[in-house]
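# Structural overview for review
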Amino acid sequence: MAASRKNVKILPNEAKVVETLTLLVEERAKEAISSRGTFTIGLSGGSMAKFLCSGLPTISTDWSKWKLFFCDERLVPFGDNDSTYKVYKENLIGKVALKLDQIIAIDPSMPVIEAAEDYANKVKAAFPGNELPCFDMLMLGMGPDGHTCSLFPGHKLLEEKKLIIAPISDSPKQPPCRVTMTFPVVNNTRCAVFASCGEGKAEMVQRVLENDGTELLPAARVEPHSGDLFWLLDAGAAKNLTKYKL
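A brief report on the enclosed structure follows. (Residues numbered from 1 in each chain as written. Predicted model: local features only at pLDDT ≥ 70, side-chain atom pairs only at ≥ 80, totals over all residues. Heavy atoms only, no water.)

### With respect to the overall build of the chain
Operational definition: Each helix is a run of DSSP H or I of at least 4 residues and each strand a run of E of at least 2, with the numbering of both proceeding from the N terminus. Remark: exposure states derive from per-residue accessible area (1.4 Å probe, protein chains only) relative to the maximum for the residue type, with buried under 20%, exposed over 50%, and partly exposed in between. By definition in these notes, contact holds between two residues if any of their heavy atoms fall within 4.5 Å. Each accessible area is a Shrake-Rupley estimate made with a 1.4 Å probe; only the visible protein chains count as cover when residues are assessed. Charged-residue counts in this description rest on Lys and Arg as positive and Asp and Glu as negative, His and the chain ends being excluded. To locate a charge, the coordinates of NZ of Lys, CZ of Arg, CG of Asp or CD of Glu are taken.
Assigned secondary structure in the chain consists of six helices and nine strands. Across its three principal directions, the C-alpha atoms of the chain cover 45 × 40 × 40 Å. Going through the 246 residues of the chain one by one, you find that 51% of them count as buried. Contacts in the chain between residues at least 24 apart in sequence constitute 77% of all its contacts with a sequence separation of at least 6. Counting only carbon and sulfur atoms, one obtains 50% of the accessible surface of the chain, whose full area is about 11100 Å². Looking at the chain, you have 29 positive and 30 negative side-chain charges, and the mean spots of the two groups are 3 Å apart.

### Examining the packing of helix α2 (residues 46–55) against helix α3 (residues 84–91)
Definition in use: Only C-alpha atoms enter the line fits that serve as axes; for helices the fit covers just the stretch in contact. Angles between N-to-C directions range over 0 to 180 degrees. In these notes the angle categories are as follows: under 35 degrees is roughly parallel, over 145 is roughly antiparallel, 65 to 115 is roughly perpendicular, and the rest is oblique. Crossing handedness is defined as follows: a turn of the near helix away from the far one that is anticlockwise and smaller than a right angle gives a left-handed crossing, while the clockwise case is right-handed. Following the grouping adopted for this structure description, the nonpolar residues are Ala, Val, Leu, Ile, Met, Phe, Trp, Tyr, Cys and Pro, the charged ones are Asp, Glu, Lys and Arg, and the polar ones are all others, Gly among them.
Contact geometry for α2 and α3: axes closest at 10 Å, N-to-C directions at 15 degrees. Considering their axes alone, α2 and α3 lie roughly parallel with respect to each other. With respect to the hand of their crossing, α2 and α3 are arranged in right-handed fashion. Here Met48, Ala49, Leu52 and Cys53 of α2 lie close against α3, whose contacting residues are Val87, Tyr88 and Asn91. Its residues assigned to classes, the contact of α2 with α3 comprises six nonpolar, one polar and no charged.

### Some details on the pattern of salt bridges
Quick note on the threshold: What counts as a salt bridge is simple: a side-chain nitrogen of Lys or Arg found within 4 Å of a carboxyl oxygen of Asp or Glu.
Evaluated as defined, the whole model comprises 11 salt bridges. Among the salt bridges present, the one from Arg5 reaches Asp228, with a minimum N-O distance of 2.6 Å. You can see Arg5 sitting in strand β1 (residues 5–11) and its partner Asp228 sitting in strand β9 (residues 228–234), a full 223 residues away along the chain. The class for Arg5 is partly exposed, based on a relative accessible area of 43%. By relative accessible area, Asp228 is classed as buried at 10%.

### Description of the pairing of strand β2 (residues 39–43)
Condition: At least two DSSP bridges between two strands are required for those strands to pair. A right-handed crossover is one whose linking path, passing over the helix from the first strand to the second, runs clockwise when the strands point away from the viewer.
Most of β2 is tucked away, with five of its five residues classed as buried. Of the two faces of β2, both are covered, the one formed by Phe39, Ile41 and Leu43 as well as the one formed by Thr40 and Gly42. Two strands pair when backbone bridges link them, and β2 and strand β3 (residues 66–70) are joined in this way by five bridges, in the parallel orientation. In the strand pairing of β3, Ile41 is matched with Leu68. Once the chain exits β2 it traverses α2 before rejoining the sheet at β3, and the crossover so formed is right-handed. For β2 and strand β5 (residues 137–140), the ladder comprises two bridges, and the chain directions are parallel. Directly across from Ile41, in β5, lies its bridge partner Met137.

So, in structure tokens, the structure goes:
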């Protein structure tokens, strides 16, 4: 099995990170739609949501071929400020030619275990005939502790092998109940992307990208088996790196 192709791009500022991220999504969407007739993308919250909602309205694509999912989601009502769905609904729908039903969301009215099972079924339905979904792109975030999706350092879900979507009810970060993709799905993607900006990210970026194997933080475990891995960084986030330069 081929190893992931890691691309670390250091850019002068946040605006260039957003521009590069946007062009990458546009390129991958065009390729996926041309090859397979659809484009499947996993979304994250935080700064990644800000970057995507800023950049995606500028691209040229056949929006009708898009299917949008969530790499993880907090189990809160859609109107709650902690809802990632709310961020994209308010900041993307209406600005691009996407219909709301193209965003495949969790059911926040369910208990967390049932919500995860229900979302797994929704994901499976979008990938008929595939035991393990293969997303065209997963747009990932990295927290200050090195977590990605809702996969936290030291948590048992890091070793989950069977579930494609897992419940978590003891998240160390509020709110405690969430639904998350697991590493078998994350590392089956055709393209995984992180985008980090600002000096506040510098220490963790360095720990993840230049780890010596003694500390494998969740974000460092993202290594698509046969796909590409992109880290898009501004100068501030990359300032501690020694192996990669602007």
